[in-house]
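Fold and geometry: a report
Below, each chain spelled out in residue letters.
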Amino acid sequence: MPERITVKPIAGFCGAEIDGVDLSQPLDDETFEAVQQAFLDHLVIFFRDQNLTPDQQIAFGRRFGELRISDQYQPLDAHPEILEIGKEPDATDIVGNLWHCDESFLERPALGSILYIIECPEFGGDTMFANQYAAYNALSPGMQDMLSSMRAVYSDGTLQQRNKGRSMKVHPDAANRPSYDAVHPVVRIHAQTGRKSLFVHRPYTVRFDGMTADESRPLLEFLYAHASRPEFTCRFRWEKGSVAFWDNRCAQHYALNDYSGVRRYGHRITVIGDVPH
Ligand code: SIN
């Protein structure tokens, strides 16, 4: 790793702040390797004091894979790869204020998401992350064994109900397309680390494959609570110019809606992932 780069963990199970990298500049191979290794080791990495144009953020994201153009929310004009993550002072609700992984209703859920915060409250509006390798590892061998052969059904079918109180509105075209539906393993093997993680998410997991929603609910509720146990988490305090890059394959996140009367605004890009196995 280049000497100017430092990687400092912020909690026991996930999250590290990286210093010494300017994301507005093309990354040389050695810097890219260091960033990628920190991402794989810590599941979510943070950078401070960045100053990124949309094109620079997109160029950074493309080092990790193809970017998704969202048809869930209206993207930024002229830069459709960028989602505007925002809460205006008069809004009461936000996007992402429950534990989830991005886009698990797709056949190829997001590999990672990169959020660059441009404006944020003086306090409040933090984001939490939870390590899903740790969640899987902490289950009993009997539960691990049972879950390993199970699959779950995902959907974004409730998207239309999510506009109330939010500044970030659902894409008008989303009403005219069928919902996205997918079936994924409940225990997922990470394509780059080979490690197993728990993969169920409250907003999108509908039921276990082969079971009804009613039959699935008790076990899903247990897994949701287990997945977000405090010791598996870290909490990031945003400042203007902070960037977070999280691995949706093995981490869930939760944006806190604990502020009002002030604006929070940022740009998010989403790197497309593989088909979970
Ligand atoms: C999200 O992408 O789920 C939102 C994260 C945040 O606003 O901190």
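Anyway, here's the lowdown on the structure attached to this text. (Residues numbered from 1 in each chain as written. Predicted model: local features only at pLDDT ≥ 70, side-chain atom pairs only at ≥ 80, totals over all residues. Heavy atoms only, no water.)

Strand pairing in a sheet is mediated by backbone hydrogen bonds. Such pairs are either parallel or antiparallel. Strand order in the open sheet made by the 8 strands is E1-E2-E3-E14-E6-E16-E5-E4, with mixed pairing throughout. Since the sheet does not close on itself, it has two edges, and those belong to strand E1 (6-9) and strand E4 (75-76), each with one partner. Bridge count between E4 and strand E5 (residues 79-87): 2 bridges; the pairing is antiparallel. Among the inter-strand pairings, Leu 76 is bridged to a residue of E5, identified as His 79. On the sheet, helix H1 (residues 29-42) packs against E1, strand E2 (16-19), strand E3 (44-47), strand E6 (110-119) and strand E14 (243-247) and is oriented at approximately 130° with respect to E3. Where helix H2 (residues 54-62) meets the sheet, it contacts E4, E5, E6, E14 and strand E16 (264-272), and its direction lies at approximately 110° from that of E5. (Pairing = 2+ DSSP bridges. Helix = DSSP H or I, 4+ residues; strand = E, 2+ residues; numbered from the N terminus. Contact = heavy atoms within 4.5 Å. Axes fitted to C-alpha atoms, helices over the stretch in contact; angles between N-to-C directions.)

Our next topic: empty space enclosed by the protein. The full count for this structure, using the stated rule, is 2 cavities of 30 Å³ or more. Together, Ile 85, Gly 86, Lys 87, Ile 94, Val 95, Met 168, Tyr 259 and Arg 264 line the largest cavity. Sorting elements by how many residues they give to the lining of the largest cavity places E5 first, with 3 residues. By volume, the second largest cavity amounts to about 30 Å³. Forming the walls of the second largest cavity are Arg 68, Ile 69, Ser 70, Glu 81, Leu 83, Glu 103, Arg 268 and Thr 270. (1 Å grid on protein atoms, 1.4 Å probe; cavity = no way out; pocket = protein on both sides within 12 Å on 5 of 7 lines; lining within 4 Å. Points joined across faces, edges and corners; volume = space filled by probe spheres on them.)

Right, let's get into the site of the ligand. Every residue lining the ligand is accounted for by Ile 85, Gly 96, His 100, Asp 102, Leu 115, Thr 127, Trp 246, His 253, Ala 255, Arg 264 and Arg 268. Measuring from an oxygen atom of the ligand, one finds a side-chain N or O atom of Thr 127 at 2.5 Å. The separation between an oxygen atom of the ligand and a polar side-chain atom of His 253 is 3.0 Å. Coverage of the ligand by the protein chains reaches 99% of its 260 Å² of free accessible surface. According to the grid-proximity analysis, the pocket containing the ligand is the largest pocket. (Near = heavy atom within 4 Å. Polar contact = N/O pair within 3.5 Å; in protein donor to acceptor, adjacent residues only side chain to side chain. Areas by Shrake-Rupley, 256 points an atom, 1.4 Å probe, with all protein chains shown as cover. Sits in = over half its atoms within 2 Å of the grid points.)

What follows deals with the pattern of salt bridges. Under the defined criterion, the tally for this structure stands at 19 salt bridges. For the salt bridge of Asp 93 with Arg 166, the shortest nitrogen-to-oxygen distance reads 3.5 Å. Of this pair, Asp 93 sits in the loop between E5 and E6 while Arg 166 sits in the loop between strand E8 (151-155) and strand E9 (181-185), placing them 73 residues apart in sequence. Here Arg 235 makes a salt bridge to Asp 258, at a shortest N to O gap of 3.9 Å. One end of the pair, Arg 235, is in strand E13 (residues 233-236); the other, Asp 258, is in the loop between strand E15 (251-255) and E16, and 23 residues separate them in sequence. When its relative accessible area of 44% is taken as the criterion, Arg 235 is described as partly exposed. Through salt bridges with shared partners, a single network forms among Asp 126, Arg 235, Arg 237 and Asp 258. (Salt bridge = Lys/Arg side-chain N within 4 Å of Asp/Glu carboxyl O. Buried < 20%, exposed > 50% of the residue type's maximum accessible area, 1.4 Å probe, protein only.)

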